[in-house]
Amino acid sequence: MAAAATLAHRAGDFTTFGDATPFIAKVKELVPLFAANAAEGEKLRAPTAAVDKALRDNGLLTLLLPKRLGGAGLSFSDYSKFQIEAAKGDPSISWVIQILNGCTWVASLASDALQDELFKNGAVPICSAYNPPGKARKVDGGWIINGAWPYSSGSRQAQWIQAGVVLEGYDGPVVPGIYMVYIPMSEIEIKNTWFMTGMQGTGSDTSIARDVFVPDHMMVMMDKPYGHIEDGKRNIGAPSDNLTVVPVVRTTGIAQLIGMAEAMQAIVESEMTIKPVLTTFYAKRVDSGAHVHEIGRIAAQIDAAKVILFDALATLDDVALTGRDFTIAERARNKAACGQVIDLVHKSVEELMFMAGSSAFALDKPISRFWRDCHVAMRHVQNIPMLGYEIYGRDRLGVPNISPPGAY
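Source: prediction; values computed, not measured. (Residues numbered from 1 in each chain as written. Predicted model: local features only at pLDDT ≥ 70, side-chain atom pairs only at ≥ 80, totals over all residues. Heavy atoms only, no water.)

(A) Geometry of the overall build of the chain. When helices and strands are tallied, the chain shows 12 helices and 7 strands. Scaling as 2.2 N^0.38, a compact globule of 408 residues should have a C-alpha radius of gyration of about 22 Å, and the chain matches this with 22 Å. Dimensions along the principal axes, computed over C-alpha positions, put the chain at roughly 80 × 50 × 40 Å. The 408 residues of the chain split such that 52% are buried. Long-range contacts, defined as pairs at least 24 residues apart, comprise 76% of the intrachain contacts of the chain with a sequence gap of at least 6. About 17,200 Å² of surface is accessible on the chain, with carbon and sulfur atoms providing 59% of the total. Put simply, the chain has 38 plus and 43 minus side-chain charges, and the middle of one group is 3 Å from the middle of the other. (Helix = DSSP H or I, 4+ residues; strand = E, 2+ residues; numbered from the N terminus. Rg over C-alpha atoms; globule rule 2.2 N^0.38 Å. Buried < 20%, exposed > 50% of the residue type's maximum accessible area, 1.4 Å probe, protein only. Contact = heavy atoms within 4.5 Å. Areas by Shrake-Rupley, 256 points an atom, 1.4 Å probe, with all protein chains shown as cover. Lys, Arg positive; Asp, Glu negative; His and termini not counted. Charge placed at Lys NZ, Arg CZ, Asp CG, Glu CD.)

See the structure below:
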């Protein structure tokens, strides 16, 4: 009861977002630390102790969480500006930041009982994995959970995991889909399975639950999904409560890709005054009209990606602040816009590596890590451009779509 009273006291009618200025300044200050620890984090396959401490000490894992729960309550646009800067230090760290911020914010859309439990001692980071789903078997007062969830990014920084499950032995209302259950990380076994070409420093290993009991209120049921407002709900009122899960996580999640591309661009530009164009008479790349043309064209592509992204983010901020309906047509357009950002970033990072030359692929070169990490990040299921374009095209033509609206 004391925890519930505390949260009720913190709840309120928040009609503005939190101030991002100190967090953006702080992450710019931390970029050298992220960069200096990137190689070691890649070997550890998780953030180093120094980076972990910096993330926790500066409150960088709960930036999207509403202020009522102890978070910073940033706008989606400001948070994305933060993520662009974080990625310039180490993409693996920006990925951990993104997953934990996004998943922790998702929990703020759940019931009072669930929010009261998760945040009774203040803001805490939550990781997530949902596919393949685990199994939830109904027992008195709750559920017995068994499952193994790969790709649990940020698993070593999180205090809870938000895990996807399907129901077994349940005679209540069953809605098709994956249900979400919250389990303390202290009851989770982490199996080292994350051995990838890129994003190796994210701790995206497999989280395993074996016969873990979870009380009823720690399950988000599909008949009362995220955003459901029960009678008398207390933990509500932040602008971010007005949005659905997928568009927010998708759109803020690709901001870091622009940061990666800009970091690669900066490396290539810094070498143009000191490296020759091999097999030509150019002693410096900056003397080559072709190279100067290319860096300008690539920079324009990255700028265009940023314009598209922040237009999409501005729509999310508007929906959050006004509480207006975020229409299916707008969601489809957002999905396609995010796909276009991916296309532009993909084209840019490939072209930058042509400019950087074959030596840029050496494993000890930072540009190589950015390139590898960016390629893995772009392949997240929410980022596949062709699916976004088909969804947008079908919506525009008024023909049956390939995904339920909640999936985009």
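Continuing now.
(B) Broad picture of the sheet that holds strand S4 (residues 179-184). Read from one edge of the open sheet, 7 strands run S5-S6-S2-S1-S3-S4-S7, paired in mixed fashion. What marks the edges here is a single partner per strand, and that holds for strand S5 (189-191) and strand S7 (219-220). Here 5 bridges tie strand S1 (residues 126-139) to strand S2 (residues 142-152), and the two strands are oriented antiparallel to one another. Within the sheet, the bridge partner assigned to lysine 138 lies in S2 and is tryptophan 143. (Pairing = 2+ DSSP bridges.)

(C) Quick look at the pairing of S2. Counting the residues in the hairpin turn of S1 and S2 gives 2 residues, including glycine 141, whose phi is positive at 80 degrees. Two elements, S2 and strand S6 (residues 205-215), share 8 bridges in a ladder whose sense is antiparallel. Among the inter-strand pairings, isoleucine 144 is bridged to a residue of S6, identified as phenylalanine 213.

(D) Expanded view of the side chain of serine 153. Relative to the helices and strands, serine 153 is located in the loop between S2 and strand S3 (160-168). Residue classification places serine 153 among the buried residues on the basis of a relative accessible area of 4%. There is a polar contact of 3.1 Å between the side chain of serine 153 and the side chain of tryptophan 95. Side chain to side chain, serine 153 and serine 204 meet in a polar contact 2.6 Å long. Not counting residues up to four positions away in its chain, the partners in contact with serine 153 are Trp95, Ile99, Leu100, Cys127, Thr202, Gly203 and Ser204. (Polar contact = N/O pair within 3.5 Å; in protein donor to acceptor, adjacent residues only side chain to side chain.)

(E) Local environment of the environment of leucine 63. Relative to the assigned elements, leucine 63 resides in the loop between helix H3 (49-57) and helix H4 (76-87). Owing to a relative accessible area of 0%, leucine 63 belongs among the buried residues under this scheme. Along the backbone, leucine 63 and proline 366 are 303 residues apart, and their C-alpha atoms lie at a distance of 27 Å. Setting aside residues up to four positions removed in sequence, leucine 63 forms contacts with Phe23, Ala72, Gly73, Leu74, Tyr79, Phe82 and Asn101.

(F) The arrangement of helix H7 (residues 245-253) in detail. Within H7, 7 of the 9 residues are buried, which leaves the element mostly enclosed by the surrounding structure. What H7 keeps buried is the set Val246, Pro247, Val248, Arg250, Thr251, Thr252 and Gly253.

(G) Structural context of the packing of H4 against helix H8 (residues 255-271). Two elements in contact, H4 and H8, have axes whose closest approach is 7 Å; the angle formed by their N-to-C orientations is 40 degrees. Looking at the two axes, H4 sits oblique to H8. As H4 packs across H8, the resulting crossing turns out to be right-handed. Contacts from Ser80, Gln83, Ile84 and Ala87 in H4 reach Ala255, Gln256, Ile258, Gly259, Met260 and Glu262 in H8. Class assignment of the residues belonging to the contact of H4 with H8 gives a composition of 5 nonpolar, 4 polar and 1 charged. (Axes fitted to C-alpha atoms, helices over the stretch in contact; angles between N-to-C directions. Parallel < 35°, antiparallel > 145°, perpendicular 65-115°, else oblique. Left-handed = near helix turned anticlockwise from the far one by under 90°. Nonpolar A, V, L, I, M, F, W, Y, C, P; charged D, E, K, R; others polar.)

(H) A look at the nonpolar core. Counting 108 residues, the largest nonpolar core has Phe82, Ile145, Tyr182, Ile183 and Val345 as its most contacted members. Residue contacts for tyrosine 182: discarding those within four places in its chain leaves Val106, Ala107, Leu114, Leu118, Ile126, Trp160, Ile161, Gln162, Val214, Met218, Val220 and Tyr226. (Core = buried A, V, L, I, M, F, W, Y, C linked by side-chain atoms within 4.5 Å.)

(I) Broad picture of the pairing of S4. Burial analysis of S4 places 5 of its 6 residues in the buried class, which makes it a mostly covered element. Two strands pair when backbone bridges link them, and S3 and S4 are joined in this way by 6 bridges, in the antiparallel orientation. Within S4, the residue paired with valine 165 across the bridge is tyrosine 179. Direction of pairing for S4 relative to S7: antiparallel, over a ladder of 2 bridges. Bridged to methionine 180 within S7 is valine 220.

(J) Inspection of the packing of H8 against helix H11 (residues 366-378) at higher detail. Two elements in contact, H8 and H11, have axes separated by 10 Å at closest approach and are oriented at 155 degrees. By the angle between their directions, the pair H8 and H11 is classed as roughly antiparallel. In this structure, H8 meets H11 at a crossing whose hand is left-handed. The segment H8 lies against H11, with Leu257, Met260, Ala263, Met264, Ile267 and Val268 engaging Pro366, Ile367, Phe370, Trp371, Asp373, Cys374, Ala377 and Met378. The residue inventory of the contact of H8 with H11, partitioned by class, reads 13 nonpolar, no polar and 1 charged.

(K) Highlighting the environment of serine 155. Summarising the element assignment, serine 155 is placed in the loop between S2 and S3. Every residue in contact with serine 155, bar those within four places of it in the chain, is listed here: Cys127, Met185, Ile190, Gly203 and Ser207. Polar side-chain contacts of serine 155 include one of 3.3 Å to the side chain of arginine 156. Within the structure, serine 155 has its side chain in polar contact with the backbone oxygen of glycine 203 (distance 2.8 Å).

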